[in-house]
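# Results of the structural survey
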Amino acid sequence: EPPISCRAELADGSGQMSTKATNAPAWTGGAAIVVLLLLNLICFARSLNGYFAADDFIHVSYLFDVFHGHENRLLENFTGNWMQAAGTQFYRPLITATLALDYLLGVGRPFFFHLSNIFYQAGCSVFLFLTCRLLLNEFGQRRATAAAFVAAALFAVYPLHVEVVNWVIGRVDSVCLFFFLSCTWLYLRYRQSGGNGSLAGALICFALCLLSKEPGAVLPPLLVLYELVRPPGDNKVKALLSERVFAICRSTGPFWLLLAAYLAIRWAALGTLVGGYSGSVGEGFNQSILQRFLNDGSLQRILFPFNSEVFAQNDKLRKALPLLYGATAVLAALRLWQSQNSKAVGKYMLLAAGWAVLTMLPVIQVFNITDTLQCSRFAYAATAPLCLLLALLLVPLTEPEQIRSMSKSASKAWTLLAALLSLSLAGVYIAMTLRNNTPWTRAAQQVIGFRRALEQEVAKLPPNQKLLLLNVPDRIQGAHMIYNGAMLSVLLSEPLPAPSLKDRVVSFEPVTYGDSTLINVS
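What counts as what
- Residues numbered from 1 in each chain as written.
- Predicted model: local features only at pLDDT ≥ 70, side-chain atom pairs only at ≥ 80, totals over all residues.
- Heavy atoms only, no water.
- Helix = DSSP H or I, 4+ residues; strand = E, 2+ residues; numbered from the N terminus.
- Buried < 20%, exposed > 50% of the residue type's maximum accessible area, 1.4 Å probe, protein only.
- Contact = heavy atoms within 4.5 Å.
- Areas by Shrake-Rupley, 256 points an atom, 1.4 Å probe, with all protein chains shown as cover.
- Salt bridge = Lys/Arg side-chain N within 4 Å of Asp/Glu carboxyl O.
- Phe/Tyr/Trp six-rings, centres within 6.5 Å; stacked < 30°, edge-to-face > 60°.
- Core = buried A, V, L, I, M, F, W, Y, C linked by side-chain atoms within 4.5 Å.
- Axes fitted to C-alpha atoms, helices over the stretch in contact; angles between N-to-C directions.
- Parallel < 35°, antiparallel > 145°, perpendicular 65-115°, else oblique.
- Nonpolar A, V, L, I, M, F, W, Y, C, P; charged D, E, K, R; others polar.
- Patch = residues over 30% accessible without salt bridge, like charges linked within 9 Å, V, L, I, M, F, W, Y side chains within 5 Å.

### Some words on the overall build of the protein chain
Of the regular secondary structure elements, the protein chain holds 19 helices and 8 strands. Within the span of the protein chain, comprising 522 residues, buried residues form 52% of the whole. Contacts spanning at least 24 positions in sequence make up 78% of the contacts within the protein chain whose residues lie at least 6 apart. A total of about 23,100 Å² of accessible surface is found on the protein chain, and carbon and sulfur atoms cover 64% of it.

### A word on the side chain of Asn437
Within the secondary structure layout, Asn437 lies in helix 18 (residues 408-459). You can call Asn437 buried: its relative accessible area is 0%. Once residues within four sequence positions are removed from consideration, Asn437 is found in contact with Cys43, Phe44, Arg46, Ser47, Val162 and Asn166.

### Re the pattern of salt bridges
Counting across every chain of the model gives 13 salt bridges. Lys213 is paired through a salt bridge with Asp173; the nearest N and O atoms lie 2.6 Å apart. Of this pair, Lys213 sits in the loop between helix 9 (196-210) and helix 10 (219-229) while Asp173 sits in helix 8 (residues 171-193), and the two are 40 residues apart along the sequence. Across this residue pair, the class does not change: Lys213 and Asp173 are buried. Here the residues in one salt-bridge network are Arg92, Glu214 and Arg266, joined through shared partners.

### Overview of the packing of aromatic side chains
For the structure shown, the criterion picks out 22 aromatic pairs. Each ring, one from Tyr187 and one from Tyr190, has its centre 6.2 Å from the other, and the planes form 55°; the classification is tilted. On the criterion of helical spacing, the pair formed by Tyr187 and Tyr190 is a turn pair, its members being 3 residues apart in helix 8. Judged by its relative accessible area of 0%, Tyr187 falls in the buried class.

### Structural notes on the nonpolar core
Ranked by internal contacts, the top residues of the largest apolar core, which has 158 residues, are Phe57, Leu136, Leu154, Phe255, Leu425, Tyr429 and Leu491. Among all residues touching Phe57, those that are not within four sequence positions of it are Tyr51, Phe52, Val447, Met481, Ile482, Met487, Val490, Leu491 and Leu496.

### A short note on unusual backbone geometry
Even without glycine at this site, Cys375 takes up a positive phi of about 70°. One can find Cys375 in the loop between helix 16 (342-360) and helix 17 (383-394). Notably, Gln477 is not glycine yet its phi reads approximately 50°, a positive angle. With respect to the helices and strands, Gln477 occurs in the loop between strand 6 (475-476) and strand 7 (479-480).

### What about helix 2 (residues 56-66)?
The element helix 2 is largely enclosed, with a buried count of 8 among its 11 residues. Where helix 2 is concerned, the buried positions are Asp56, Phe57, His59, Val60, Tyr62, Leu63, Phe64 and Val66.

### Some details on the packing of helix 4 (residues 93-106) against helix 8
Two numbers describe how helix 4 lies on helix 8: the axes approach to 10 Å, and their chain directions differ by 105°. By the criterion of interaxial angle, the relationship of helix 4 to helix 8 is roughly perpendicular. Together, Leu94, Ile95, Thr98, Leu99 and Asp102 of helix 4 and Arg171, Val172, Val175 and Phe179 of helix 8 make up the contact between the two elements. Of the residues that constitute the contact of helix 4 with helix 8, the class distribution is 6 nonpolar, 1 polar and 2 charged.

### So, a nonpolar patch on the surface
A cluster of nonpolar side chains, namely Leu468, Leu470, Val506 and Phe508, defines an oily patch on the protein surface of about 430 Å² accessible area. By the element assignment, Val506 lies in strand 8 (residues 505-507).

This is the structure in structure tokens:
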């Protein structure tokens with residue numbers, strides 16, 4: 001993509017921009033994207049050898065029915081509850097469509113599902129880079145590109161993402177964020193460059209985001225926040241407050257209208273605007289919200305995503321990460337204290353913080369990151385603004401002449417220190433991600449080995465006898481495996497590899513999900 005020039009908005013709020021010269025080489029954007037793709041492969045290439053786990057089996061069985069005479073079930077996701085499942089009220093037809101495409105391409109083989117998961121993760125990294133580069137272009141394109149790259153690189157290697165990437169159905173969050181960020185990028189292009197094409201593309205991406213997962217609904221409020229912090233334009237003429245409010249309503253209005261249309265469709269399909277888990281599972285979540293937020297350490301694990309069964313308490317990485325965070329905070333505080341444009345940087349920090357809060361609101365009911373990082377997917381979207389906030393703390397966005405008593409050599413020293421901190425933090429994140437990823441690799445291998453062992457044991461039995469299973473493996477170090485009898489049934493039957501063992505194996509596993517925190521199976 002050619003570089004976007006740094007622009008200044010005119011005071012009338014029309015969105016038409018005047019252009020300033022920039023000094024960023026044309027190739028920097030493309031090179032940054034290539035590096036982001038490589039970072040994702042470094043962290044998650046092993047996921048391509050993964051298998052199905054937990055709820056994946058239910059979706060595979062559903063898709064098998066869809067492609068064997070029940071095509072209408074796929075269309076019913078657009079007119080009713082997701083997968084027609086009891087106990088939930090979700091409207092996510094696009095997710096099943098993406099799974100159906102993977103099933104069609106790979107005839108049910110897990111490789112294509114995992115390849116798509118890595119694609120969505122990498123796509124989120126790229127669109128976060130493109131979005132942040134436009135968002136920060138008032139600081140000049142060279143500095144905006146540097147900050148955007150740091151934000152996207154940290155996101156690409158963030159240790160909290162292993163569940164979303166390795167668990168096939170974890171793509172619910174990455175697909176939603178993929179279209180969320182692509183919509184935001186196109187909206188920024190529209191506001192800074194004009195053009196109905198960008199606006200139309202943004203609205204299409206917003207629609208796809210809403211059809212992926214409910215948190216997409218927070219995008220219009222985020223666009224309003226952006227409009228409040230974007231440069232006001234020509235200082236010679238200041239627009240009246242009423243004029244600015246009108247300009248914000250005019251620019252974000254199409255997205256609010258689309259959100260209203262989505263809510264109307266959702267109401268018609270589900271009979272509710274909110275949805276979520278219902279029944280005993282929903283009651284259990286509702287009764288434990290305060291405990292999960294305040295006492296269980298879930299919020300802390302967003303910043304310190306260490307799997308407790310992988311990292312010992314005295315692990316070197318556990319000691320290194322707080323030190324890097326502390327050094328980053330001190331460096332940023334000193335730089336902002338001496339800077340003459342600290343307010344300009346501060347408003348984007350507030351925007352990032354507000355963005356993070358908005359993304360967490362829709363998942364309040366279910367938010368719970370365990371000490372083994374189960375359910376870390378609920379914070380996936382929040383890590384995008386979190387990485388932007390880290391980049392704003394790390395990358396100098398101030399010209400040397402805007403810093404009090406700052407010589408050119410001192411400015412270079414500050415920049416070098418910021419680069420070293422950024423590289424160190426990314427290195428620690430990569431090491432953490434690779435280790436957090438290990439349980440998922442082991443879980444996939446063990447599920448495949450479990451299936452093969454069953455085949456061998458059944459082959460030893462006479463045709464009129466069945467094999468009885470006790471204590472089916474459900475998880476390993478937080479990585480999902482087989483949670484109940486329904487999932488085990490799919491593992492033993494089509495479309496997974498023949499021969500079908502469904503009629504030769506008996507188990508006492510509960511038919512439904514049996515986690516003791518939700519349902520007392522005894």
